[in-house]
Protein chains: 2
Amino acid sequence: MTDSQDAPTSHRYEEIAAELRGAIERGDFPEGSRLPSENDIIRDYDVARNTARDALAVLRHEGLAIARQGSGTVVSTRKRIKRNSQGRYSRTPSKVNSPFERDAATAGQRGDWECETVKAKASPEVARRLSLDTGDPVTQTTYRFFGDGRPIQVSQSWEPLAITGGTLIERPEDGSAIGVIARMDTIGQAVDHVVEKVTARAASREEVKRLDLPTRGAYVLVIERTHFVGDAPVETCDIVFPGDRYELTYDIPVELKA
Amino acid sequence: MTDSQDAPTSHRYEEIAAELRGAIERGDFPEGSRLPSENDIIRDYDVARNTARDALAVLRHEGLAIARQGSGTVVSTRKRIKRNSQGRYSRTPSKVNSPFERDAATAGQRGDWECETVKAKASPEVARRLSLDTGDPVTQTTYRFFGDGRPIQVSQSWEPLAITGGTLIERPEDGSAIGVIARMDTIGQAVDHVVEKVTARAASREEVKRLDLPTRGAYVLVIERTHFVGDAPVETCDIVFPGDRYELTYDIPVELKA
DNA sequence: TAGTGGTCTAGACCACAAT
DNA sequence: TTGTGGTCTAGACCACTAC
């Protein structure tokens, strides 16, 4: 639960962080507003530079604040974007928008995205996930998603050219079908289940850049997703989210009788 | 993917971290072995204390190392415990072990757990999730799970006493049925779906203590789970995992025809 | 140009673990 | 008692942003 008992600590930086956290929660610092600078904290609390930094680092790590070099530390948006598995994987997707755009709209944001497809050779990891041999030809599509213009999700998708090569859907952006399931249907590949593996880990330098994350201490949620036709994988994808900005929902049916 | 391109940085602490990371990946420091101490790094690389600390902090945050006050910084176990939704929510669970014990066994660990049940009044958050009023009576059960003796998962579960009160399954540890679905079946409550909401966030001080996490920069995976009978929630639960130690798998069926 | 956060130095004392 | 990581001080220079 989020019952944040303010257990008193004997550490100065924790005390300062707790005061600032309280001020944020009371609304003294609305979302997007600037928090006291390190120099302000040094003066107001009579501490050294590192202690002021440590206090702000606590808030940054909690996802409450974002530091930007040269600009200051501001209170971040705490609303999480909800990504729901239900209705996401359907044979008859919406013709007018993507699941991501709907998720963004639910969070009150405008969703945009861009993608780029290239032909590549399967890395050992991609080959394993697609039951191919290393070096087999695949299409690799890189997506970047924006919420209100800020990068908020990146993903990379791989499909075996042995399946899609020469068809109308060789490139995801071609053809009229939206979504892996509908696209695969048009070439007779009937996807019957999707597996998503969720992990959390520290953001890589590359992800820090692409997702505009704080340079230190950022973590991401990663979904490793694979579409299957029976036991045969037909697409696999890595989806990366800022860890403090997303909520992933799964609705799991329970069979009615034993 | 995990293709960690060692992009050169001009920062001393990143260089040191990269060297240590490389040494770990080469196997120079096997899992559980001690990394160079801060004093070692100060001497070997001729840097100040904070720079040595920053280098180790990078590895800690990546989940590669764990610092223990008074003891040293050791290479952590990289293997994630896999928690699979499939087969987890079933009417006919195993009689001999719990899903958690099987997950631990799959990771080559011995799983133990303990729990404690008390009667409580629903907090606003619990009331919302169970469609109750704040203050309504509930049973609250606190679980703690251990892998090879070390705490590895904590959870808290709430059930409305209006449903379970006076029955044989009022307390989860009573009766012979294992698991929420089988228990609810014995009192005629047929669970038909389970919703899991997955988030990542910074670990609270309480969780740092209960999960034996590093004191700074730890993050956790949280599942907010609710069992439903139709639209009626009959149990809700918060499950907290160390963020770098778990992998959550969801198998999502796709309906066969439009 | 002034102010911000990012990196770094060179010390200090403390709590804790191993011995 | 010794060595470890955790906290803290009091400075410094740098890269970057806003003005």
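Scoring rules and cut-offs
Numbering of residues starts from 1 in each chain and follows the order in which that chain's sequence is written. All chains are assigned letters beginning at A, and all ligands numbers beginning at 1, according to the order in which they are written. Totals for whole chains, interfaces and linings use every residue, but because this is a predicted model, local features are given only for residues with pLDDT of at least 70 and side-chain atom pairs only at 80 or more, for both listing and counting. Remark: hydrogens and water are excluded; side-chain values derive from all non-hydrogen atoms of the structure. Counting from the N terminus, the helices are DSSP H or I runs at least four residues long and the strands are E runs at least two residues long. Whether two residues are in contact is decided by their heavy atoms, any of which lying within 4.5 Å being enough. Computed with the Shrake-Rupley method and a 1.4 Å probe, the accessible areas treat only the protein chains shown as cover for residues. Within this scheme the basic residues Lys and Arg register as positive and the acidic residues Asp and Glu register as negative, but His and the chain ends are omitted. For the purpose of locating charges, the reference atoms are NZ of Lys, CZ of Arg, CG of Asp and CD of Glu. To line up the copies, we fit them by least squares on C-alpha atoms, keeping just the residues with pLDDT of at least 70 in both. Any carboxyl oxygen of Asp or Glu that lies within 4 Å of a side-chain nitrogen of Lys or Arg is treated as forming a salt bridge with it. Exposure is judged per residue with a 1.4 Å probe applied to protein chains only, and the accessible area is read against the type maximum: over 50% gives exposed, under 20% gives buried, and values in between give partly exposed. Each domain's limits were defined by an automated method or a database of domain assignments. Using a 1.4 Å probe, buried area is obtained as the accessible area two parts lose upon being combined, added over both of them. Two N or O atoms count as a polar contact when they lie within 3.5 Å, although within protein this holds only if one can serve as hydrogen donor and the other as acceptor, and sequence-adjacent residues are included solely when both atoms are side-chain atoms. If DSSP finds at least two bridges between two strands, the strands pair. A fitted line through C-alpha atoms serves as each axis, taken over the contacting stretch for helices, and the angle formed by two N-to-C directions is quoted from 0 to 180°.

## A closer look at the overall build of chain A
Piece 1. The helix and strand inventory of chain A stands at eight helices and 10 strands.
Piece 2. For chain A, the C-alpha atoms occupy an extent of roughly 70 × 45 × 35 Å along the three principal directions.
Piece 3. Within chain A, counting contacts between residues at least 6 apart in sequence, those at least 24 apart form 58% of the total.
Piece 4. When the accessible area of chain A is evaluated, it comes to approximately 12,500 Å², of which 49% is carbon and sulfur surface.
Piece 5. Within chain A, one finds 36 positive and 41 negative side-chain charges whose respective centroids are separated by 2 Å.

## Topic: the relation of the copies chain A and chain B
Piece 1. Overlaying chain A with chain B gives an RMSD of 0.1 Å, the required rotation being 180 degrees about an axis along which the chain moves by 0.0 Å. In short, the pair behaves as if placed about a two-fold rotation axis.
Piece 2. Taken as a fraction of all interface residues of chain A, those also at the interface in chain B reach 100%, which identifies the copy contact as same-surface.

## Examining the pattern of salt bridges
Residue and element names in this part refer to chain A.
Piece 1. On inspection of all chains with the given rule, the structure shows 48 salt bridges over all chains.
Piece 2. Here Lys82 ties to Glu247 by a salt bridge, and the two come within 3.6 Å at their closest N and O atoms. Highlighted residues: Lys82 in strand 3 (residues 81-84) and Glu247 in strand 10 (residues 246-253), separated in sequence by 165 residues.
Piece 3. By relative accessible area, which is 44% here, Lys82 ends up partly exposed.
Piece 4. Using a relative accessible area of 10% as the deciding quantity, one classes Glu247 as buried.
Piece 5. Salt-bridge contacts for Arg110 lead to Asp112; the nearest nitrogen and oxygen are separated by 2.4 Å.
Piece 6. For Arg110, a relative accessible area of 47% corresponds to the partly exposed category.
Piece 7. One connected set of salt bridges, linked through shared partners, spans Glu125, Arg128, Arg129, Glu224 and Asp238.

## Some details on the domain arrangement of chain A
Piece 1. The domain boundaries assigned to chain A delineate domain 1 (12-75) and domain 2 (81-249).
Piece 2. Centre-to-centre separation of domain 1 of chain A and domain 2 of chain A, based on C-alpha positions: 36 Å.

## Side note on the interface of chain A and chain B
Piece 1. In this complex, chain A contributes 58 residues to the contact, which on the side of chain B involves 58 residues.
Piece 2. Taken together, both faces of the contact between chain A and chain B bury some 4,900 Å²; the carbon and sulfur share is 56%.
Piece 3. On inspection of chain A and its partner chain B, the count reaches zero salt bridges.
Piece 4. At the junction of chain A and chain B, the tally comes to 16 residue pairs in polar contact (both at pLDDT 80 or more).

## Looking at the side chain of His61 of chain A
Piece 1. Along the polypeptide, His61 of chain A turns up in helix 3 (residues 49-61).
Piece 2. Not counting chain neighbours up to four residues away, the residues in contact with His61 of chain A comprise Gly217 and Tyr219 of chain A together with Ala202, Gly217, Ala218 and Tyr219 of chain B.

## Some words on the sheet that holds strand 4 (residues 111-121) of chain B
Piece 1. Strand order in the open sheet made by the eight strands is 3(A)-10(A)-7(B)-8(B)-9(B)-6(B)-5(B)-4(B), with mixed pairing throughout. Taken across any chain shown, the strands that pair with only one partner, and hence form the sheet edges, are strand 3 of chain A together with strand 4 of chain B. Here the average twist between neighbouring strands, direction ignored, is 20 degrees.
Piece 2. Judged from the five bridges that link them, strand 6 (residues 150-160) of chain B and strand 9 (residues 232-242) of chain B form a sheet pairing that is antiparallel.

## Structural notes on the sheet that holds strand 6 (residues 150-160) of chain A
Piece 1. A sheet is described by the order of its strands in space; here eight strands give the open sequence 4(A)-5(A)-6(A)-9(A)-8(A)-7(A)-10(B)-3(B), paired in mixed fashion. Edge positions in the sheet fall to strand 4 (111-121) of chain A together with strand 3 (81-84) of chain B, since each of these pairs with one other strand and no more. Each strand axis lies, on average, 20 degrees off the axis of its neighbour in the sheet, ignoring direction.

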